[in-house]
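# Notes for the structure review
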Amino acid sequence: MSIVRAPGVLSGGPHGRLRAVAAPIATGVLGLSAATMLHLVDPNQPGHYPTCPFLALTGLYCPGCGSLRAMHDLTTLDLAGAWSMNPLTVLAVPYLLAAWVLWLRRELTGQPRRWIAPAWVPPVVGVLTVGFWVLRNLPGFGFLGPA
Amino acid sequence: MSSPYPPPPQQPYSPQPGYGQTPPPNTYLAQAIASTLLCCLPAGIVGIVYASQVTSKWQMGDFAGARDSSDKAKMWSIISIVAGLLVGVAYLFLMGGLASVSYSR
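This write-up is about the structure you can find in this document.

The rules we used
Each chain has its residues counted from 1, running along the sequence as written. As they are written, the chains are lettered A onward and the ligands numbered 1 onward, keeping that order. In keeping with the predicted nature of the model, local features appear solely for residues at pLDDT of at least 70, side-chain atom pairs appear and are counted solely at 80 or more, and the whole-chain, interface and lining totals rest on all residues. Heavy atoms from the whole structure form the basis of all side-chain values; hydrogens and water molecules are not counted. Where helices and strands are cited, they refer to DSSP runs of H or I of at least four residues and of E of at least two residues respectively, numbered from the N terminus. Using a 1.4 Å probe on the protein chains alone, a residue whose accessible area is under 20% of its type maximum counts as buried, one over 50% counts as exposed, and one in between counts as partly exposed. Contact definition: two residues touch when any of their heavy atoms are within 4.5 Å. Only the protein chains shown count as cover for residues, with accessible areas throughout obtained via the Shrake-Rupley method and a probe of 1.4 Å. Throughout, a disulfide means two cysteine sulfur atoms within 2.5 Å of one another. When the centres of two rings from Phe, Tyr and Trp lie within 6.5 Å, Trp using its six-membered ring, the rings pair. Their planes under 30 degrees apart give stacked, over 60 give edge-to-face, and anything left gives tilted. Each residue after the first adds 1.5 Å to the expected span of a helix. Note that the arc is defined by the directions from the helix axis to the C-beta atoms. Axis lines are fitted to C-alpha atoms, over the contacting stretch for helices. Their N-to-C directions set the angle, which ranges from 0 to 180 degrees. For classification purposes, angles smaller than 35 degrees are called roughly parallel, those larger than 145 roughly antiparallel, those between 65 and 115 roughly perpendicular, and all remaining angles oblique. Here a crossing is taken to be left-handed if its near helix is turned anticlockwise relative to the far helix by less than a right angle, and right-handed if that turn runs clockwise. Polar here means any residue outside two lists: the nonpolar Ala, Val, Leu, Ile, Met, Phe, Trp, Tyr, Cys and Pro, and the charged Asp, Glu, Lys and Arg; Gly therefore counts as polar. Reported buried area values correspond to the accessible surface (1.4 Å probe) lost by two parts on association, with both partners' losses combined. Residues adjacent in sequence count toward polar contacts only when both atoms are side-chain atoms; beyond that, a polar contact is any pair of N or O atoms within 3.5 Å, and within protein one must be able to donate a hydrogen and the other to accept it.

What follows deals with the overall build of chain B. Check the secondary structure of chain B and you find three helices and zero strands. Ordering the α and β elements of chain B from the N terminus gives α-α-α. Out of the 105 residues in chain B, the part that is buried amounts to 32%. Of all intrachain contacts in chain B linking residues separated by at least 6 positions in sequence, the fraction that spans at least 24 positions is 61%. Only carbon and sulfur atoms are counted for the fraction: they give 68% of the accessible area of chain B, which is about 6,600 Å².

All right, on to the state of the cysteines then. With the rule as written, the count across this model stands at one disulfide over all chains. Between the sulfur atoms of B:Cys39 and its disulfide mate B:Cys40 the distance is 2.0 Å. Across the S-S bond linking B:Cys39 and B:Cys40, the dihedral sits near -90°, which makes this disulfide left-handed. A:Cys52 carries a free sulfur, and the closest cysteine sulfur to it, the one in A:Cys65, is 3.7 Å from it. Residue A:Cys52 is classed as partly exposed on the basis of its relative accessible area, which comes to 21%. A residue is classified by how much of its surface remains accessible, and A:Cys65, at 5% relative accessible area, is buried.

Here we take up the packing of aromatic side chains. Counted by the stated rule, this structure contains three aromatic pairs over all chains. Geometrically, the ring pair formed by A:Phe141 and A:Phe143 is tilted, given 6.1 Å between the ring centres and 40° between the ring planes. With 4.5 Å between their ring centres and 45° between their planes, B:Trp58 and B:Phe63 make a pair best called tilted. We classify B:Phe63 as partly exposed; its relative accessible area is 33%.

Glancing now at helix H6 (residues 121-135) of chain A. In this model, H6(A) (15 residues) spans 21 Å end to end at C-alpha, consistent with the 21 Å of a helix rising 1.5 Å per residue. When we look at burial in H6(A), the residues that qualify are A:Val121, A:Pro122, A:Val125, A:Gly126, A:Thr129 and A:Phe132. In an axial view of H6(A), the angular spread of the buried residues amounts to 140°, which keeps them on one side of the axis. Looking at the buried residues of H6(A), the elements they touch are helix H5 (87-109) of chain A together with helix H1 (29-38) and helix H2 (41-60) of chain B.

This part is about the packing of H1(B) against H2(B). Residue and element names in this part refer to chain B. One can describe the packing of H1 onto H2 by two numbers: an axis separation of 7 Å at closest approach and a directional angle of 155°. When the axis of H1 is compared with that of H2, the two are roughly antiparallel. As H1 packs across H2, the resulting crossing turns out to be left-handed. Contacts between H1 and H2 involve Leu29, Ala32, Ser35 and Thr36 from the former and Leu41, Ala43, Gly44, Ile45, Gly47, Ile48 and Ala51 from the latter. Of the residues assigned to the contact of H1 with H2, the class counts are seven nonpolar, four polar and no charged.

Before going further, it helps to examine the interface of chain B and chain A. Contact residues are listed per partner, giving 29 residues for chain B and 38 residues for chain A. At the boundary of chain B with chain A, total buried surface from both sides reaches about 2,700 Å², with 77% on carbon and sulfur atoms. On the surface where chain B and chain A come into contact, there are two residue pairs in polar contact (both at pLDDT 80 or more). Of all the secondary structure elements, the ones that give two or more residues to the side of chain B that touches chain A are H1 and H2 of chain B. Residue classes in the side of chain B that touches chain A are distributed as 20 nonpolar, nine polar and no charged.

So this is what it looks like as structure tokens:
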């Protein structure tokens with residue numbers, strides 16, 4: 001099977017490969033730094049991180065409210081705590097990690113993207129996000145909120 | 001299956017990579033999700049809509065249209081990053097300003 005290589009990678013030789021890998025590596029270092037900071041500087045303590053602007057302006061939770069606390073809980077392997085803060089974040093993290101691994105592998109091998117999500121995936125993500133946004137602000141669905 | 005979405009086609013979703021076939025475009029769905037959860041909800045939602053366009057156009061065989069939507073999704077992921085940086089910098093300035101006020105007392 002013939003693979004069409006990204007032109008920069010092929011023409012750039014080993015240096016092109018190195019340059020291609022720089023972006024996913026930098027993103028990985030950034031993500032790891034953020035996870036370390038979230039582990040050490042606890043977002044459950046007030047004043048450590050800015051309040052969500054949407055929550056500050058409207059008094060309502062957005063789909064991302066509690067995501068920092070959820071990620072902090074994930075760094076302590078407290079899955080139940082993370083889920084109670086923001087289930088959407090708990091679902092998103094494995095997807096984001098997988099997307100990063102595939103990106104790194106593409107840049108390492110110089111192979112083009114092979115996989116695209118099935119057509120139903122992004123709309124379902126959108127419906128889940130908006131539904132979660134509305135529900136977590138309704139009485140009776142307090143368990144979806146980060147409070 | 002009574003799903004609100006059209007049934008999956010019998011063919012594989014994307015053509016196998018090979019001679020003369022274009023690789024599928026980036027949906028930027030990961031960036032849109034991260035943006036929605038971490039900083040920039042409106043830009044993230046726009047990104048999810050464009051990601052939906054990319055996958056549906058690609059599945060229908062509209063490769064040029066899918067690439068066009070992918071470019072727009074990319075633009076919105078860049079807007080998210082810039083907006084996130086701006087919010088972060090503004091917050092740091094605000095906190096710095098408050099800190100200096102409390103110091104001067």
